[in-house]
Amino acid sequence: MRKTRTKALAPAALALLLAPVATACSGSAGAADSRTVTVTVGYQSKTINTVTAGTLLRSLGYFEEELAARGKKDGVTYKVDWQDYATGAPITAQMTAGKIDIGSMGDFPLLINAVRGKELKQPTHLVSVTGYNLRGGLNTVVAAPESKLESLADLRGKKVSTSVGSAADGTLVRALQRAGIDPSSGIEKLNQQPSVGASALQAGSVDALSQFVAWPGQLAYEGRAKALYDGAELNLPTFHGVTVREKFAKERAGVLDDFLRAQRRATDHLRTEPVAAAESVAKETGLPAEVVYLYNGANGIATFDPALRPELIDALKQDVPVLKDAKLVGGVDVDAFVDPEPLARALRGAQQYPAAVAARPELWLKGQARTQSFDSPRELLKAARGADVRAAYVPDAVTGTLWFADKAVWVAEGPELRAFVTPAGAKAYVAAHQGSGARIVSFAEAGALAS
């Protein structure tokens, strides 16, 4: 199922009267009126690592503003048809049918997008990034809160839900391989949409769920899951990006530039007003704002930057063998798929964003439009004690993945307090620091020790 919303942007009447007849366009839906261009954008509203090219961008209206300015110059009415999907696969299907011009999806789906586009003679190109995590922290394996599973090794012989061909599935495959479990025979894998898998986990019909942003964080926040494996343990970059049909990019290069400029504006907004952006995305998607902020906040798991960073492209090349082993693709010419020219053209002269930095503990108090950052988890817990807290976030002591403080696993080591996303991570740390008296403590005990 998808949701469609169309916005029309009519230029001035005089411009319409005086302008020469424009070529009918839109690669997706042809327009009866030769002065009307419909641009169809496929996005995933609840995959909140794509918001700067989807949910947030749509709500801010920046793309429409850019097109309105273009319309005044060329006497064309531009319309944007926003089509909302749960995953990247249907976006690719619509792009290869010539019905979606621009789409956003994760790294593994992007590779499938490249292959299908070439096969069906509707080639596509990766032109920008939305959000990324250099260690892979955007994907997480979770289990039911009461589950006795405590590590990835415990999944041997268990039922695991994921979306085959997604970045979350790629994380699951790689993590199982590192744990010495054959991904094809060591578990019973169920190929399910994220919402179906979440329901299956709650119903007890699967033992674990491997999914992408924002499902793991949402389930943990709502007390419906606990983290079993932090994708950042792989230490391999993961990201979402923007893909465009080659034909559309050639015929409407200026419109693509408008989209990329609008994406950059949305990225500026998210980076400078992260709380407002989280509230906006929450309103549009129905997700808790606290969950959106976990991923998209000032110290969030995702770093938003349209740049086609070399380390991300290198990671994309490393993803190809995983998809080949799953028989989802043959080969992928990543270098041919990536096209840096549109972004360089659209953002010529724009200042580069700084590289991602290590996350810091962060406190969001109720009624506040700004959060507070701290130098240590102890300082965060001390400040939170007795305060009217909306959400408190702490980075994993090893991977740096941000997590909810009250859902994290805490370790006390002398005067230091450390947080971990998973029980396995905390236990591994304690085992490696036996001489220091490191021990696992409850969240309540950690708060008391901090005070």
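Worth saying up front: this structure is predicted, and the values here are computed from it rather than measured.

1. A look at the side chain of Thr 267
Tracing the backbone shows Thr 267 in helix 10 (residues 253–272). A relative accessible area of 0% means that Thr 267 is categorised as buried. Within the structure, the side chain of Thr 267 is placed 2.8 Å from the backbone oxygen of Gln 263, a separation counted as a polar contact.

2. A look at the confidence of the model for the protein
The predicted model of the protein has a mean per-residue pLDDT of 93, with 93% of residues at 70 or higher. Ignoring residues within four places in sequence, the model shows residues 8–25, a span with pLDDT below 50, making 36 contacts including any to other chains. Scored below 50 in pLDDT, residues 27–32 makes 14 contacts in the model with residues more than four places away or belonging to other chains.

3. Overview of the pairing of strand 7 (residues 159–162)
Pairing analysis gives four bridges linking strand 7 to strand 8 (residues 188–191), with the strands arranged parallel. Across the sheet, Thr 162 pairs through a bridge with Asn 191, a residue of strand 8. Taken together, strand 7, helix 6 (residues 167–178) and strand 8 form a β-α-β motif whose crossover is right-handed. One ladder, built from two bridges, connects strand 7 with strand 9 (residues 208–212); its direction is parallel.

4. A short note on the environment of Thr 77
Structurally, Thr 77 can be placed in strand 3 (residues 77–84). Residue class for Thr 77 comes out buried when judged on its relative accessible area of 13%.

5. Describing the pattern of salt bridges
Under the counting rule described, the total for this entry stands at 25 salt bridges. Between Arg 265 and Glu 65 there is a salt bridge, with its nearest N and O atoms 2.8 Å apart. Of this pair, Arg 265 sits in helix 10 while Glu 65 is found in helix 3 (residues 62–74), placing the two residues 200 residues apart along the sequence. A residue is classified by how much of its surface remains accessible, and Arg 265, at 29% relative accessible area, is partly exposed.

6. Points about the nonpolar core
Core analysis: the biggest nonpolar cluster contains 48 residues, and Ile 48, Leu 294, Tyr 295, Tyr 393 and Trp 410 have the highest contact counts within it. Setting aside residues no more than four positions away along its own chain, Leu 294 makes contact with Gly 217, Gly 300, Ile 301, Tyr 393, Leu 402, Trp 403 and Phe 404. Met 95, Ala 114, Val 329 and Val 338 belong to the second-largest nonpolar core, a separate cluster that totals 29 residues.

So, how was this worked out
- Residues numbered from 1 in each chain as written.
- Predicted model: local features only at pLDDT ≥ 70, side-chain atom pairs only at ≥ 80, totals over all residues.
- Heavy atoms only, no water.
- Helix = DSSP H or I, 4+ residues; strand = E, 2+ residues; numbered from the N terminus.
- Buried < 20%, exposed > 50% of the residue type's maximum accessible area, 1.4 Å probe, protein only.
- Polar contact = N/O pair within 3.5 Å; in protein donor to acceptor, adjacent residues only side chain to side chain.
- pLDDT = per-residue confidence, 0-100.
- Contact = heavy atoms within 4.5 Å.
- Pairing = 2+ DSSP bridges.
- Right-handed = clockwise from strand over helix to strand, strands pointing away.
- Salt bridge = Lys/Arg side-chain N within 4 Å of Asp/Glu carboxyl O.
- Core = buried A, V, L, I, M, F, W, Y, C linked by side-chain atoms within 4.5 Å.

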